[in-house]
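Each chain, written out:
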There are 2 protein chains.
Amino acid sequence: MPNCRHAIFISDRTGLTAEGMGDALLNQFDGIEFKRLTYRFIDSSEKAEKAVEEINRIAAECNLRPIIFTSIVDENIRNIVKKSAGLHLSFYDAFINQLEIELNVAANHQVGRTHGIQDTERYDARMEAVNFSLNHDDGVSAKDLAHADVILMGVSRSGKTPTCLYLALQYGIRAANYPLTPDDLAVTDLPKMLKPFKNKIYGLTIDPARLHHIRTERRPDSKYASVENCRSEVNEAESMFRQHGIPFTSTTHKSVEELAASIMLACKLQRRF
Amino acid sequence: MPNCRHAIFISDRTGLTAEGMGDALLNQFDGIEFKRLTYRFIDSSEKAEKAVEEINRIAAECNLRPIIFTSIVDENIRNIVKKSAGLHLSFYDAFINQLEIELNVAANHQVGRTHGIQDTERYDARMEAVNFSLNHDDGVSAKDLAHADVILMGVSRSGKTPTCLYLALQYGIRAANYPLTPDDLAVTDLPKMLKPFKNKIYGLTIDPARLHHIRTERRPDSKYASVENCRSEVNEAESMFRQHGIPFTSTTHKSVEELAASIMLACKLQRRF
């Protein structure tokens, strides 16, 4: 029997809560390779029974029982899922009773609350933030900048665009971005268009060697991608940040999640939905 | 004393796990308004002590104690946080022991594993998916479509772009999108460029009244935004989906999270990172 361990995520909806909980826990264990499998939209007894059959088949093929992370609000469906072979870690079982006692209210057991649209207006505002980030990417007008919650500034390929999109999708933040061009970097002054919005600017920098690698994928053997050019652009950008007291961070070892969280903290931003 | 209830999320890193867990639980309780507050990057005793002081001050101002969701891997820091006034729901306390026993490995207690960059190559592939979605938005070439994991097809403003971006950011999926133009809709045949990739197409539709509302924000009083035009475009698009056996869903009441999860399920896609 092969020495394999499955990590199974079962959800009555998107699977994001079960995966989030499971990943946070599994990342605490080194040296074990988990085979991941997500069951989404398990919202009926029939679907649950079918999932149990599949899981039992998977479990029978391995010598180690699966770890099963469950995020299902309906107790009956949860109890069906629990019949499957594995270690069950159930999110609602662990916490919902304590909350019911504390809040003195019974849980509603309604599915799809967490990642569904609960309020169309707030959802639209979030999508508007996504559109804002898309429309204010790499080249912006001063008028638009006035409506931004934050303006990310950095050299080309320093990670501005994915971070803006993540800020919009996850937090509903209107994030514009301003790419520092060689012309901007030739002077020590802030780009004129940005001056009225200095308190909304957050800088992104990056290790020159990593920037060289990223730019080479895009334009191999160009001056743009050369190590020397990357180094001088990054140096000039960091000088500009320091001179004008603009907070900044390096994107080299940070994921979009970490960058977005750092920016929320540094710029004292609150989620907008 | 005001009748207020705080929901506090405390994390040693981004806060995403604590917020995800807390939101999933709090959404189970109707009629209670929570004042949300997130403490991010609480990764030292000093920061924890400072957070405790703030929380105690907040708690003293209300007659109901805060609900505190904690995602902190260091046990010492977690124990400091637990001294604050409130109901503590701690993710690691609930599950990590069971996992240590099952896996027969001690947890590493390393911070920043869940949403950090653990593997640069895989992270780059994810960012590459974001770039792919951005570059293949509203107007694509057949060459590019060959590299897509999925192609979202639908009329203008049916929700393709945010869904593509979410698929890329959350799952590392290369999602292209193809906007059905009035020319495409005038014939029943699939757009020529898409024919070789029929098995990768997923359709998005939308309630015509909602489409009218969204398009009116963009181009008020246009033919493009008129109820009649929205209705006929949607009807034609749905006819095309049905005729060619293309799976589709309505975006009217679905969030990007739900749309992405539906597409992952329907197209049998696996996360790529």
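- Looking at an unreviewed UniProt entry, one finds chain A named Putative phosphoenolpyruvate synthase regulatory protein, with Neisseria shayeganii 871 as its source organism.
- Among the UniProt annotations of chain A, the heading Sequence similarities (unreviewed entry) holds the following wording: "Belongs to the pyruvate, phosphate/water dikinase regulatory protein family. PSRP subfamily."
- According to its UniProt record, chain A has this under Function (unreviewed entry): "Bifunctional serine/threonine kinase and phosphorylase involved in the regulation of the phosphoenolpyruvate synthase (PEPS) by catalyzing its phosphorylation/dephosphorylation."

**Some words on the packing of aromatic side chains**
Here is step 1 of the chain: All told, the structure shown has nine aromatic pairs over all chains when counted by the stated rule.
Here is step 2 of the chain: For the ring pair Phe9 of chain B and Phe69 of chain B, a centre distance of 5.6 Å and an interplane angle of 15° mean the geometry is stacked. Highlighted residues: Phe9 of chain B in strand E1 (residues 5-11) and Phe69 of chain B in strand E3 (residues 67-71), separated in sequence by 60 residues. The burial state of Phe9 of chain B is the same as that of Phe69 of chain B; both residues are buried.
Here is step 3 of the chain: Ring geometry for Phe91 of chain B versus Phe95 of chain B: centroids 6.3 Å apart, planes at 80°, classification edge-to-face. Taken together, the positions of Phe91 of chain B and Phe95 of chain B, both in helix H4 (residues 91-103) and four residues apart, correspond to about one turn of that helix.
Here is step 4 of the chain: Under the relative-accessibility criterion, Phe95 of chain B is labelled buried at 2%.
Here is step 5 of the chain: Linked through ring pairs, Phe91, Tyr92 and Phe95 of chain A together with Phe91, Tyr92 and Phe95 of chain B together constitute an aromatic cluster.
Here is step 6 of the chain: Across from the ring centre of Tyr224 of chain A, 4.3 Å away, lies the NZ or CZ of Arg215 of chain A, which sits over that ring.

**A short note on the pairing of strand E6 (residues 175-180) of chain A**
Residues and elements named next belong to chain A.
Here is step 1 of the chain: In terms of burial, E6 is largely enclosed, as six of its six residues are buried.
Here is step 2 of the chain: Of the two faces of E6, the one carrying Ala175, Asn177 and Pro179 and the one carrying Ala176, Tyr178 and Leu180 are both buried.
Here is step 3 of the chain: Across six bridges, the pairing between strand E5 (residues 150-155) and E6 is parallel. Paired with Val150 across the strands is Ala175, a residue of E6.
Here is step 4 of the chain: Note on the crossover from E5 through helix H7 (residues 160-171) to E6: the handedness is right-handed.

**Thoughts on the environment of Thr249 of chain A**
Residues and elements named next belong to chain A.
Here is step 1 of the chain: Inspection of the secondary structure assignment puts Thr249 in strand E8 (residues 248-250).
Here is step 2 of the chain: Accessibility expressed as a relative area gives 11% for Thr249, which makes it buried.
Here is step 3 of the chain: The spatial distance from the C-alpha of Thr249 to the C-alpha of Ser262 is 8.4 Å, given a sequence separation of 13 residues.

**Considerations on the relation of the copies chain B and chain A**
Here is step 1 of the chain: Under the fitted operation, chain B is carried onto chain A by 0.0 Å of movement along the axis and a turn of 180°, and the coordinates agree to an RMSD of 0.0 Å. Interpreted geometrically, this transformation is the action of a two-fold axis.
Here is step 2 of the chain: A share of 100% of the interface residues of chain B reappears at the interface of chain A, consistent with the copies meeting face to face through the same patch.

**Observations concerning the state of the cysteines**
Residue and element names in this part refer to chain A.
Here is step 1 of the chain: If you walk through the whole model with that rule in mind, you get two disulfides over all chains.
Here is step 2 of the chain: Disulfide pairing is shown between Cys4 and Cys62; the S-S distance is 2.1 Å. Since a negative S-S torsion denotes a left-handed disulfide, the Cys4-Cys62 link at about -95° is left-handed. Taken together, the residues span a long stretch of sequence, with Cys4 in the segment before strand E1 (5-11) and Cys62 in the loop between helix H2 (45-60) and strand E3 (67-71) at a distance of 58 residues.

**A closer look at the sheet that holds strand E5 (residues 150-155) of chain B**
Residue and element names in this part refer to chain B.
Here is step 1 of the chain: Spatial strand order, E6-E5-E7-E8: four strands in an open sheet with parallel pairing. On the outer flanks of this sheet lie strand E6 (175-180) and strand E8 (248-250), each paired with one strand and no other. Looking at each pair of strands side by side, their axes are set apart by 25° on average, direction ignored.
Here is step 2 of the chain: Helix H7 (residues 160-171) rests against E5, E6 and strand E7 (201-205) of the sheet, and its axis sits at about 175° to E6.

**Some words on the domain arrangement of chain A**
Here is step 1 of the chain: Each domain of chain A was delimited in the assignment, giving domain 1 (5-103) and domain 2 (120-267).
Here is step 2 of the chain: Look at where the C-alpha atoms of domain 1 of chain A and domain 2 of chain A centre, and you get two points 39 Å apart.

**Some thoughts on the pattern of salt bridges**
Here is step 1 of the chain: Applying the stated criterion across every chain yields a total of 35 salt bridges over all chains.
Here is step 2 of the chain: The salt bridge partner of Arg5 of chain B is Glu102 of chain A, with a shortest N-O separation of 2.8 Å. Here Glu102 of chain A lies in helix H4 (residues 91-103) and Arg5 of chain B lies in strand E1, a pairing that spans two chains. Of the two residues, Arg5 of chain B and Glu102 of chain A, both sit in the buried class.
Here is step 3 of the chain: A salt bridge links Asp124 of chain B to Arg210 of chain A; the nearest nitrogen and oxygen atoms lie 2.6 Å apart. A residue pair is termed interchain when its members come from two chains, as with Asp124 of chain B in helix H5 (residues 120-135) and Arg210 of chain A in helix H9 (residues 208-218).
Here is step 4 of the chain: On the accessibility criterion, Asp124 of chain B (23% relative accessible area) is partly exposed.

**Examining the interface of chain B and chain A**
How big an interface is tends to be stated in terms of the accessible area lost upon association of its parts.
Here is step 1 of the chain: In this assembly, 81 residues from chain B lie in contact with 81 residues from chain A.
Here is step 2 of the chain: A combined buried area of about 7100 Å² lies between chain B and chain A, and 60% of that area is made up of carbon and sulfur atoms.
Here is step 3 of the chain: Considering only the side of chain B, the residues that lose the most area to chain A are Gln28, Phe29 and Phe95 of chain B, jointly responsible for 10% of the buried surface there.
Here is step 4 of the chain: Remark: the boundary between chain B and chain A carries 13 salt bridges.
Here is step 5 of the chain: Residue Glu19 of chain B is joined to Arg271 of chain A by a salt bridge in which the shortest nitrogen-to-oxygen separation is 2.9 Å.
Here is step 6 of the chain: Summed over the shared surface of chain B and chain A, the result is 30 residue pairs in polar contact (both at pLDDT 80 or more).
Here is step 7 of the chain: Per-element accounting of the side of chain B that touches chain A gives the leading share, ten residues, to H4 of chain B.
Here is step 8 of the chain: Here the side of chain B that touches chain A is composed, by residue class, of 37 nonpolar, 25 polar and 19 charged.

Cut-offs used in this document
Residues numbered from 1 in each chain as written. Chains lettered and ligands numbered in written order. Predicted model: local features only at pLDDT ≥ 70, side-chain atom pairs only at ≥ 80, totals over all residues. Heavy atoms only, no water. UniProt positions renumbered as here; feature names shortened; annotations may be inferred. Phe/Tyr/Trp six-rings, centres within 6.5 Å; stacked < 30°, edge-to-face > 60°. Helix = DSSP H or I, 4+ residues; strand = E, 2+ residues; numbered from the N terminus. Buried < 20%, exposed > 50% of the residue type's maximum accessible area, 1.4 Å probe, protein only. Lys NZ or Arg CZ within 6 Å of the ring centre and 35° of its normal. Pairing = 2+ DSSP bridges. Right-handed = clockwise from strand over helix to strand, strands pointing away. Least-squares fit on C-alpha atoms with pLDDT ≥ 70 in both. Contact = heavy atoms within 4.5 Å. Disulfide = S-S within 2.5 Å. Axes fitted to C-alpha atoms, helices over the stretch in contact; angles between N-to-C directions. Domains from an automatic or database assignment. Salt bridge = Lys/Arg side-chain N within 4 Å of Asp/Glu carboxyl O. Buried area = accessible area lost by both parts, 1.4 Å probe. Polar contact = N/O pair within 3.5 Å; in protein donor to acceptor, adjacent residues only side chain to side chain. Nonpolar A, V, L, I, M, F, W, Y, C, P; charged D, E, K, R; others polar.

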